[in-house]
Every structure is written in C-alpha cells, then in structure tokens.
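Below are the chains, spelled out letter by letter.
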Amino acid sequence: MLLRGFYGYGPSFWSAYPGTWFSLLHWVGLGILIFLFVSLILSFKKKSKLEKYEAVTKGLDILIERYARGEISAETFKAMKAELEAAEKSK
C-alpha cells in the first residue's frame with residue numbers, strides 16, 4: 001500500500017505519505033534547505049559590503065603613510081582623502 005500511495009494516488013513531492021513520519025521529515029528537510037539557501041545569499045551580500053569598506057580603509061591607511069613619509073603634499077593628501085571619503089559615502 002505504501003508503494004502505491006493512498007486511495008489509488010501516488011505520492012508527490014509536496015505530499016509524500018500524508019500523516020506519517022516521512023511526511024514530517026520531508027517538510028523539516030525542505031525548511032532547512034530553504035533556510036540554508038537564504039543564509040547563503042545573505043552571506044554573499046554581507047561579504048561584498050565588508051570588502052568595499054575594507055578597500056576604502058586600506059586606501060586611507062596607504063594615503064596616510066605616504067603623507068607621513070613626505071611623498072605627497074598636504075594639498076594632494078586633502079584632495080585624495082576627500083575622494084576616498086566620497087567613494088565611501090557613495091556605497
């Protein structure tokens with residue numbers, strides 16, 4: 001009877017053996033898969049924002065080092081810093 005389904009109808013993906021433990025495990029498993037898929041998508045979005053922030057921060061650190069070593073003038077430092085801050089705000 002279980003191989004043919006109930007009342008002459010075969011089991012489908014959405015209602016495999018209703019009222020049994022297999023049906024409960026089916027829905028729990030489907031819920032877990034949906035949760036993992038959504039969390040995977042959200043983790044990619046968080047990584048991209050974090051990478052942009054780190055890139056701007058790293059650029060500012062390099063700019064400060066160059067200014068401290070005397071490689072660039074104060075006017076150039078201010079212009080480059082303003083450009084980096086504008087890039088940070090635009091994200």
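Residues numbered from 1 in each chain as written. Predicted model: local features only at pLDDT ≥ 70, side-chain atom pairs only at ≥ 80, totals over all residues. Heavy atoms only, no water.

Undergrad: Looking at this structure, how should I read the overall build of the protein chain?
TA: Along its length, the protein chain carries two helices and zero strands. Burial analysis of the protein chain (91 residues in total) assigns 11% to the buried set. For the protein chain, the proportion of contacts with a sequence separation of at least 24, taken over those separated by at least 6, is 21%. Split by element, the accessible area of the protein chain, about 7900 Å² in all, is 68% carbon and sulfur. (Helix = DSSP H or I, 4+ residues; strand = E, 2+ residues; numbered from the N terminus. Buried < 20%, exposed > 50% of the residue type's maximum accessible area, 1.4 Å probe, protein only. Contact = heavy atoms within 4.5 Å. Areas by Shrake-Rupley, 256 points an atom, 1.4 Å probe, with all protein chains shown as cover.)

Undergrad: Help me understand the packing of aromatic side chains, please; the structure alone is not making it clear to me.
TA: Both the distance between ring centres and the angle between the ring planes are used here to describe each pair of aromatic rings. One pass over the full model with this rule turns up one aromatic pair. Ring centres of Tyr67 and Phe77 lie 4.6 Å apart, and the angle between their planes is 25 degrees; on these two criteria the pair is classed as stacked. With a gap of 10 residues between them, Tyr67 in helix H1 (residues 21–69) and Phe77 in helix H2 (residues 74–90) connect regions that are remote in the sequence. Residue classification places Phe77 among the buried positions, given a relative accessible area of 14%. (Phe/Tyr/Trp six-rings, centres within 6.5 Å; stacked < 30°, edge-to-face > 60°.)

Undergrad: Looking at this model, I keep getting lost on a nonpolar patch on the surface. Mind explaining?
TA: A surface patch of nonpolar side chains, amounting to about 610 Å² of accessible area, comprises Leu24, Val28, Ile32, Leu33, Phe35 and Leu36. Residue Leu33 is classed as exposed on the basis of its relative accessible area of 56%. (Patch = residues over 30% accessible without salt bridge, like charges linked within 9 Å, V, L, I, M, F, W, Y side chains within 5 Å. Salt bridge = Lys/Arg side-chain N within 4 Å of Asp/Glu carboxyl O.)

Undergrad: Please clarify how the pattern of salt bridges should be interpreted in this entry.
TA: Side chains that differ in sign of charge can pair as their charged atoms come close. Counting across every chain of the model gives two salt bridges. Residue Glu71 is joined to Arg66 by a salt bridge in which the shortest nitrogen-to-oxygen separation is 3.2 Å. Of the residues examined, Glu71 reaches a relative accessible area of 46% and is grouped as partly exposed. Across the pair Glu71 and Arg69 runs a salt bridge, and its minimum N-O distance is 3.0 Å. Residue classification places Arg69 among the exposed positions, given a relative accessible area of 54%. The network of salt bridges with shared partners includes Arg66, Arg69 and Glu71.

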